[in-house]
Amino acid sequence: MAGSKGGGKSVLYYGCMGCGAVVLVVALAAAGLAGLAWMQVGDEVVEERDLARPVESAEIPETPAEAPAGGSTETVAVLPASAAGTVEIDVRETGFELLPGKPGEGVRVQARFDTKSYALEQQESTADDGTWVYRIAFRRTGGFLTMIKEMLGGTKPQVKFYLPPDAPVRLDLYVESGGGEVDLGGLWLTDVELEVSKGGFVVECSEPNRAPIDRLSLTGSMGGFVFEGVSNLAPREIDVNSRMGGMVLDLTGEWPADTSIRLSNKMGGMQVMLPDAMEFRGLEGKEIAARSGFPPSEAPEIGLPVMTFELSGDLDDIEFTRP
């Protein structure tokens, strides 16, 4: 029995010694990584870059447009397809800002970063009909040590994108493993496509767009997505796809015309803030409407624009709110 007790103590002793050795190895590895990262802090090559793509200013032609159901005819911008350009922005593993630029400056990028840890690339092309595409990519190239280096006082990248307010632009924005703050107010956007994966993203449209856009597409997965001031873009179509994350879609405000909205939600939560003066279709008789605390529209006023919904996915996790 004594031997048995002694053997148990020995097993416990050597087991603890083994656990201690594992902890020591992990601590030494962490210290080694921190040491390597610290050495890289003093080995940085920090540069400032200022890229620009000139864009010719344009005037908005005006033609009568179809009125919303029962409403009066409005005058809105109608733009020839050949007059628009596309700005494609790809940002990975860092934070950034996207803001309205100044008239006459075109598309601009201002960045300050360690060239050993990040890369900034641009590419452009122009078709025979005059339409152009300007691609900008900013991504991390330094691996995991870059994160540790920045925690120890290394240079964090500062990246700002500016869009022209005086020229029609289609915006395609892709963000992966990063965070962004975006203001689309007062621009002349024709279409907007935003995709976020594994990151946090806040978009606002603080001022009305120069003209209603054709389509707004929002895709979010494994992250958080907030879009405020959608009514200032006045999209004719809205496509929202949320997967394994959270999304807030603010539709409050005044809408000049009808719009159709497709919402798809899976394994996450979605909050949709609805406008007050609007007729809603696609929610009639649905349990989701009653659960969200408001009844379907009863007798809509004549001339109200119509917001038509098509819902799919986990409807229980979609919450509608009204002012």
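Within each chain, residue numbers correspond to sequence positions counted from 1 in written order. Confidence filtering applies because this is a predicted model: local features only for residues at pLDDT of at least 70, side-chain atom pairs given and counted only at 80 or more, and all residues used for totals across whole chains, interfaces and linings. Note that the side-chain values use all heavy atoms of the structure and ignore hydrogens as well as water.

Undergrad: Explain the sheet that holds strand β16 (residues 237-243) here, please?
TA: In sheet architecture, strand pairing relies on hydrogen bonds along the backbone and comes in two forms, parallel and antiparallel. For two strands to pair, DSSP has to find at least two bridges joining them. Note on conventions: DSSP H or I runs of at least 4 residues are helices, E runs of at least 2 residues are strands, and numbering of each starts at the N terminus. Reading across the sheet, the 10 strands line up as β7-β8-β4-β10-β12-β14-β16-β18-β21-β20 and stay open at both edges, with mixed pairing between neighbours. Single-partner strands in this sheet number two, and they are β7 (118-126) and β20 (279-281). Between one strand axis and the next, the sheet turns through 10° on average, direction left out of account. Across eight bridges, strand β10 (residues 169-176) lies against strand β12 (residues 189-197) in parallel orientation. In the strand pairing of β12, Leu171 is matched with Val192. Axis lines are fitted through C-alpha atoms, for helices just across the contact stretch, and the angle between N-to-C directions can take any value from 0 to 180 degrees.

Undergrad: For this particular structure, what's the right way to read the side chain of Asp239?
TA: Tracing the backbone shows Asp239 in strand β16. The classification of residues rests on relative accessible area computed with a 1.4 Å probe and restricted to protein chains. Under 20% of the type maximum is buried, over 50% is exposed, and intermediate values are partly exposed. Looking at Asp239, the relative accessible area reads 19%, which means it is buried. Contacts were defined at the residue level, with two residues in contact if any of their heavy atoms lie within 4.5 Å. Among all residues touching Asp239, those that are not within four sequence positions of it are Arg215, Leu216, Ser217, Leu218 and Arg262.

Undergrad: Whenever I open this one, the nonpolar core confuses me. Can you help?
TA: What tends to happen in soluble globular proteins is that the nonpolar side chains get buried as a cluster. Counting residues in hydrophobic clusters, the biggest one holds 61 residues, and the most contacted among them are Leu184, Phe227, Leu251 and Phe309. The residues contacting Phe309, other than those within four sequence positions of it, are Leu251, Ile261, Leu263, Leu274, Phe280, Arg281, Gly282, Leu283 and Phe320. We define a nonpolar core as any set of buried Ala, Val, Leu, Ile, Met, Phe, Trp, Tyr and Cys residues linked to one another through side-chain atoms lying within 4.5 Å.

Undergrad: Is there a simple way to explain the sheet that holds strand β15 (residues 224-228) in this structure?
TA: If you trace the 10 strands from one edge of the open sheet to the other, you get β1-β6-β9-β5-β11-β13-β15-β17-β19-β22, paired in mixed fashion. At either margin of the open sheet sits one strand with a lone partner, and together these are β1 (46-53) and β22 (318-321). Neighbour-to-neighbour, the strand axes of this sheet turn through a mean angle of 10°, independent of strand direction. As judged from the four bridges shared by β15 and strand β17 (residues 246-250), these two strands associate in the parallel manner.

Undergrad: In this structure, what is going on with the side chain of Glu279? I would like to understand it.
TA: Mapping Glu279 onto the fold places it in strand β20. In this structure the side chain of Glu279 is engaged in a polar contact, spanning 3.1 Å, whose partner is the side chain of Arg281. Two N or O atoms count as a polar contact when they lie within 3.5 Å, although within protein this holds only if one can serve as hydrogen donor and the other as acceptor, and sequence-adjacent residues are included solely when both atoms are side-chain atoms.

Undergrad: Quick question: what am I supposed to make of the environment of Pro275 here?
TA: On the secondary structure map, Pro275 appears in the loop between β19 (269-273) and β20. Other than its neighbours up to four places away in sequence, Pro275 contacts Leu251, Thr252, Gly253, Trp255, Phe280, Met307, Arg322 and Pro323.

Undergrad: I would appreciate a short explanation of the pairing of β22 in the present structure.
TA: Put simply, side chains in a regular strand alternate between the two faces of the sheet. Of the two faces of β22, the one holding Ile318 and Phe320 is buried and the one holding Glu319 and Thr321 is not buried anywhere. Pairing of β19 with β22, which is carried by four bridges, proceeds in the parallel orientation. When the bridges of β22 are listed, Gln271 appears paired with Glu319.

Undergrad: Can you help me understand unusual backbone geometry in this one?
TA: Although it is not a glycine, Met222 sits at a positive phi angle of roughly 55°. We note that Met267 has phi near 55°; this positive angle belongs to a residue other than glycine. Its place among the elements puts Met267 in the loop between β18 (259-266) and β19.

Undergrad: Whenever I open this one, the pairing of strand β9 (residues 158-163) confuses me. Can you help?
TA: Pairing of strand β5 (residues 95-100) with β9 involves four bridges; the strand directions are parallel. Its bridge partner lying in β9, Pro100 is registered against Leu163. In this structure, strand β6 (residues 107-114) lies alongside β9, joined through five bridges in antiparallel fashion. Note that in β9 the partner of Ala111 across the bridge is Val159.

Undergrad: Help me understand the packing of aromatic side chains, please; the structure alone is not making it clear to me.
TA: Note on aromatic pairs: each is described by the distance of the centres and the angle between the planes. Side-chain rings of Phe, Tyr and Trp (the six-membered ring for Trp) are treated as a pair once their centres are within 6.5 Å; stacked means planes under 30 degrees apart, edge-to-face means over 60, and tilted covers the remaining angles. Under the counting rule described, the total for this entry stands at six aromatic pairs. An angle of 10° between the planes, with centres 5.5 Å apart, marks the rings of Tyr118 and Phe138 as stacked. With Tyr118 in strand β7 and Phe138 in strand β8 (residues 132-140), the pair connects residues that are 20 residues apart, well separated along the chain. What makes Phe138 buried here is its relative accessible area of 0%. Judged by centre distance (5.5 Å) and plane angle (85°), the rings of Phe309 and Phe320 are edge-to-face. Note that Phe309 is positioned in strand β21 (residues 306-313) and Phe320 in strand β22, a separation of 11 residues in sequence. Note on accessibility: Phe309 and Phe320 belong to one class, buried. An aromatic cluster of three or more residues is present, and its members are Phe96, Phe161, Phe201 and Phe225. Positioned over the ring face of Trp132 is Arg53, at 4.3 Å from the centre of the ring. Two conditions define a charge located above a ring, namely a distance within 6 Å from the ring centre to NZ of Lys or CZ of Arg, and an angle within 35 degrees of the ring normal.

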